[in-house]
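Listed below, chain by chain, are the residues.
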Amino acid sequence: MTKKIVTRFAPSPTGYLHIGGVRTALFNFVFSRKNNGTFLVRIEDTDKERSEEQYITAIMDGLDWVGLNPDHEPIKQSDRFDVYKEEAFRLVEEGKAYKDDGAIRLKVNKEGSILVKDLVYGDIEFLNKELDDLVILRSDNSPTYHFCNVIDDNYQQVTHIIRGEDHLPNTPKQIQIISALGYDGFEYAHLPLVLGEDKKRLSKRHAATDLMSYKEEGYLPEAVLNMLAKLGWSNTEKDIFTTDDLIKIFDVGDIQRSGAVFDKERLNFINQNHMAMKTDDELMDLLKIFNEKNGFSLSDHHDPERLVRLCVGSGNNFSEISNFIKPFVIDFDEYDKADFDKHLLESESVLNYFKESIHSISDWDEAIFEEIINSAMKDLSLPMPKIGLPLRVALLGRAKSPPLSSTIYLIEKNKTIERLDKALKLISEH
């Protein structure tokens, strides 16, 4: 009878959830779902000095944010020290381990070699003579990483160990422990490391490595997972897909062996695509927390749906989009100096033309603004940039905005006239 597939993600709570760890969790999750299996999380907190409860909370919050929740409550290694101690003494009684200066060491078989059949890297042979007898229980009765790792994988009935390639050298040591304990063993798939742009292991000098910093910046969890799935795995020409899509097409055999580069610009592209697929209501809801930080609410705008839809492509994440939307809703404090100097200083005729044209309008409508823009180009003998850029700077404090007719519509009439007056006053003072 075929065993039910069980995978696990086993982080150490000595820091926040690393973006590379999320990729490992994702592949474990997807592989288990693809095979109707079970996905588990185990907290490896045997390092008493560095492990902290706040990091356990942060890790579980991060997994919850990206939707990689385990099928059962996580176990903590710190709750199982008696189990590890019992197994260590069993090995001593069986003559497979011995006491050494208060610690317990496993007698390693130095003959021959161990063949690791890795689902990504293929068959890899390790010579046993290169291994020393392994400490499995320290003199203070705390277990070593390799020992409790093996015991817990067996206890949790894990079938496939999917982890970073930096763990590959640990595998022959763990197989020695598996053999001594009389366990069946596991299948292995080691993942290529997540690298920075300089092809060195991803660290804070390349990009933020803490998963939740991407939440705080306003990235979508589905976009983060989409990006991470493409790091070291490929079975589709599609750039944009959901985790459900990934589950349908995922195969361990499609994981590549070479390290994968984390590219923030690539994440931006993927996130923009996922944001664009959201409904207006979803976008407004997702923007709410960022708008609050910026001191405004979309409920104060006369057409928030139109505003959000036109501005969703203006930023890489919700934080940037909220900043972009802000002057449409509340007054801005200052002009972009370069835009002011370049576009506004010689634009009195344009600003006055629009101020006079807008005064007499009763219907605040984009079609009417299009007519005024066309008339202005004709009457003032100016090309569109000489009209659009000064108006954008006058109305928003910057030269970037949606189409000009939409930009005017999205600012209320009184506010539009006030801002034109303010810009004209500043021009006259220069």
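Residues numbered from 1 in each chain as written. Predicted model: local features only at pLDDT ≥ 70, side-chain atom pairs only at ≥ 80, totals over all residues. Heavy atoms only, no water.

Here the focus is the overall build of the protein chain. Broken down by element type, the protein chain carries 18 helices and 12 strands. The C-alpha radius of gyration of the protein chain comes to 30 Å, more than 25% above the 22 Å expected for a compact globule of 430 residues. For the protein chain, the spread of C-alpha atoms along the three principal axes comes to 100 × 40 × 35 Å. For the protein chain, the proportion of contacts with a sequence separation of at least 24, taken over those separated by at least 6, is 75%. Charge centroids of the protein chain, computed over 54 positive and 74 negative side chains, lie 4 Å from each other. (Helix = DSSP H or I, 4+ residues; strand = E, 2+ residues; numbered from the N terminus. Rg over C-alpha atoms; globule rule 2.2 N^0.38 Å. Contact = heavy atoms within 4.5 Å. Lys, Arg positive; Asp, Glu negative; His and termini not counted. Charge placed at Lys NZ, Arg CZ, Asp CG, Glu CD.)

Here is a general trend for soluble globular proteins: nonpolar side chains tend to be buried in one another's company. Core analysis: the biggest nonpolar cluster contains 100 residues, and Phe 262, Ile 325 and Phe 354 have the highest contact counts within it. Of all the elements, helix α1 (residues 19–34) adds the most residues to this core, at 8 residues. Excluding its chain neighbours within four sequence positions, the residues that come into contact with Ile 325 are Leu 287, Phe 296, Leu 298, Leu 307, Val 308 and Cys 311. In terms of nonpolar packing, the next biggest core, distinct from the first, is built from 27 residues, Leu 106, Leu 134, Ile 151 and Ala 180 among them. (Core = buried A, V, L, I, M, F, W, Y, C linked by side-chain atoms within 4.5 Å. Buried < 20%, exposed > 50% of the residue type's maximum accessible area, 1.4 Å probe, protein only.)

What follows covers the sheet that holds strand β5 (residues 103–106). Ordered in space as β4-β5-β8, the 3 strands form an open sheet in which the pairing is antiparallel. The strands lining the two open edges of the sheet, one partner per strand, are β4 (97–100) and β8 (134–137). On average, adjacent strands in this sheet sit at an angle of 40° to one another, irrespective of strand direction. Of the pairings in the sheet, the one linking β4 to β5 comprises 4 bridges and is antiparallel in character. Within β5, the residue paired with Ala 97 across the bridge is Leu 106. Strands in contact with helix α3 (residues 81–93) are β4, β5 and β8; relative to β8, the strand with the most contacts, it is inclined by about 130°. (Pairing = 2+ DSSP bridges. Axes fitted to C-alpha atoms, helices over the stretch in contact; angles between N-to-C directions.)

For the rest of this paragraph, the subject is the pattern of salt bridges. Considering all chains together, one arrives at 24 salt bridges under this definition. The closest approach of N and O atoms between Arg 42 and Asp 153, which form a salt bridge, is 2.9 Å. Taken as a pair, Arg 42 in strand β2 (residues 38–43) and Asp 153 in helix α4 (residues 145–155) lie far apart in primary sequence, 111 residues in all. Overall, the relative accessible area of 0% leaves Arg 42 in the buried class. Under the relative-accessibility criterion, Asp 153 is labelled buried at 0%. Residue Asp 152 is joined to Arg 80 by a salt bridge in which the shortest nitrogen-to-oxygen separation is 2.7 Å. Taken as a pair, Asp 152 in helix α4 and Arg 80 in the loop between β3 (75–76) and α3 lie far apart in primary sequence, 72 residues in all. Among the charged side chains, a network of salt bridges with common partners joins Arg 8, Arg 42, Glu 44, Arg 80, Asp 152 and Asp 153. (Salt bridge = Lys/Arg side-chain N within 4 Å of Asp/Glu carboxyl O.)

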